[in-house]
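# Structural description and commentary
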Amino acid sequence: MVQLRKIKSRPVRDAEVTQQQILDAAELEFARHGLYGARLSAIAKAAGVTNAMIHYYFESKEGLYKAVLQRPASELATEFASLDLNELSPTEALENMIRVAIAYEAKHPHRQMLWFQEASQNRGEYIKLSQQNMVEVHSYLFQVLERGIKDGSFRELDPRLTGLHIISICIFYFIAHENWKHLTPEVDRLSPKMVEKHTEAVVELILAGVKKIR
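This write-up is about the structure you can find in this document.

What counts and what doesn't
Residues numbered from 1 in each chain as written. Predicted model: local features only at pLDDT ≥ 70, side-chain atom pairs only at ≥ 80, totals over all residues. Heavy atoms only, no water. Helix = DSSP H or I, 4+ residues; strand = E, 2+ residues; numbered from the N terminus. Rg over C-alpha atoms; globule rule 2.2 N^0.38 Å. Buried < 20%, exposed > 50% of the residue type's maximum accessible area, 1.4 Å probe, protein only. Contact = heavy atoms within 4.5 Å. Lys, Arg positive; Asp, Glu negative; His and termini not counted. Charge placed at Lys NZ, Arg CZ, Asp CG, Glu CD. Polar contact = N/O pair within 3.5 Å; in protein donor to acceptor, adjacent residues only side chain to side chain. Axes fitted to C-alpha atoms, helices over the stretch in contact; angles between N-to-C directions. Parallel < 35°, antiparallel > 145°, perpendicular 65-115°, else oblique. Left-handed = near helix turned anticlockwise from the far one by under 90°. Nonpolar A, V, L, I, M, F, W, Y, C, P; charged D, E, K, R; others polar. Expected span 1.5 Å × (residues − 1). Bend = angle between axes of the 7 residues up to and from the residue. Phe/Tyr/Trp six-rings, centres within 6.5 Å; stacked < 30°, edge-to-face > 60°.

### Structural notes on the overall build of the protein
Looking only at helices and strands, one finds 10 helices and zero strands in the protein. A compact globule built from 214 residues should have a C-alpha radius of gyration of about 17 Å, whereas the protein, at 21 Å, is more than 25% larger. Projecting the C-alpha coordinates of the protein onto the three principal axes gives extents of approximately 90 × 45 × 40 Å. The 214 residues of the protein split such that 41% are buried. Considering only contacts in the protein between residues 6 or more positions apart, those separated by 24 or more positions represent 71%. Charge centroids of the protein, computed over 27 positive and 27 negative side chains, lie 7 Å from each other.

Put into structure tokens, the structure is as follows:
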């Protein structure tokens, strides 16, 4: 009796997983070197794919760069949408948004370098392409602030200027990390304990600043 040899089937690479692997690798490369210094060969090697596969999904290095810039705002908008902010009081909604935003930054502390590289190399030309995503993210924050002002929870504020201040307080911690780590090498500011400490301090500071004194 002839015994048939079992042939191992080749794993089918999931297209969505492959694209995420490419985006993850590209994000680090662009954060380090910007659009013009980044190399597709380095991205392909880190993602475990070929240069041809990158071109298949994103057409060019520029196309990949645009996708990388658009992803953070899109992901954060999805997280904010899941909070059901309108079902919460303005104070609760703002606190939840702060916690989600900082947790998101802690997962991707290198992403702030993307914005630095974009501002430095391109003067924001490519960030305009993800403007719709950014506007959506910011609109969640502005609406919560406007609602709080309207119902008397928050003092009279400029929602857009205050929103910018809030965003800065949340993320500057991660922007400055690469410098601070040399000044105080004994402190790991990206450790869960330190990120939690940062989160609680930010919540307390922002809520104290926006709440209406009764």
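Further notes follow.
### Topic: the environment of Glu-118
Relative to the elements of secondary structure, Glu-118 occurs in helix α6 (residues 111-122). In the structure, Glu-118 is positioned 91 residues away from Glu-27 in sequence and 12 Å away in space, judged by C-alpha atoms. Setting aside residues no more than four positions away along its own chain, Glu-118 makes contact with Tyr-65, Leu-69, Arg-123, Gly-124, Glu-125, Tyr-126 and Ile-127. A polar contact of 2.5 Å, which involves the side chain of Glu-118, links it to the side chain of Tyr-65. Of note is the side chain of Glu-118, whose polar atom sits 2.6 Å from the side chain of Asn-122.

### Looking at the environment of Asn-122
With respect to the helices and strands, the residue Asn-122 is situated in helix α6. Note on Asn-122: relative accessible area 6%, which makes it buried. With 47 residues separating them along the chain, Asn-122 and Ile-169 place their C-alpha atoms 25 Å apart. Discounting chain neighbours no more than four positions away, the residues touching Asn-122 are Leu-35, Tyr-36, Tyr-65 and Gln-117. In terms of polar contacts, Asn-122 uses its side chain to reach the side chain of Tyr-65, at 3.3 Å.

### Some points on the packing of helix α1 (residues 15-37) against helix α2 (residues 40-47)
Running from N to C, α1 and α2 point in directions that differ by 135 degrees, and their axes come no closer than 8 Å. On the basis of the axis angle, α1 is oblique to α2. Between α1 and α2 lies a crossing whose hand is right-handed. Between α1 and α2, the residues in contact are Gln-21, Ile-22, Ala-25, Ala-26, Glu-29 and Phe-30 and Ala-42, Ile-43, Ala-46 and Ala-47, respectively. When the residues that make up the contact of α1 with α2 are grouped by side-chain class, the tally is eight nonpolar, one polar and one charged.

### Re unusual backbone geometry
Although it is not a glycine, Glu-59 adopts a positive phi angle of roughly 75 degrees. With respect to the helices and strands, Glu-59 occurs in the loop between α3 (51-58) and α4 (61-81).

### Examining α4
If you check α4, its first and last C-alpha atoms are 31 Å apart, about what 21 residues at 1.5 Å a residue would give, namely 30 Å. Remark: the principal bend of α4, roughly 30 degrees, maps to Arg-71, with a proline, Pro-72, within the next four residues.

### A few points about the packing of aromatic side chains
In the structure shown here, the tally under the stated rule is eight aromatic pairs. Arranged with centres 5.0 Å apart and planes meeting at 75 degrees, the rings of Tyr-56 and Tyr-57 form a pair that is edge-to-face. Here Tyr-56 falls in the exposed class, since its relative accessible area comes to 65%. Between the aromatic rings of Tyr-65 and Tyr-126, the centroid separation amounts to 5.4 Å while the plane-to-plane angle is 85 degrees, which identifies the pairing as edge-to-face. In this pair, Tyr-65 is assigned in helix α4 and Tyr-126 in the loop between α6 and α7 (131-150), connecting sequence segments 61 residues apart. With respect to class, Tyr-65 is no different from Tyr-126; both count as buried.

### Topic: the environment of Met-194
Relative to the helices and strands, Met-194 resides in helix α10 (residues 192-210). Under the relative-accessibility criterion, Met-194 is labelled partly exposed at 21%. Here Met-194 is in contact with Tyr-173, Val-187, Asp-188 and Arg-189, once residues within four sequence places are set aside.

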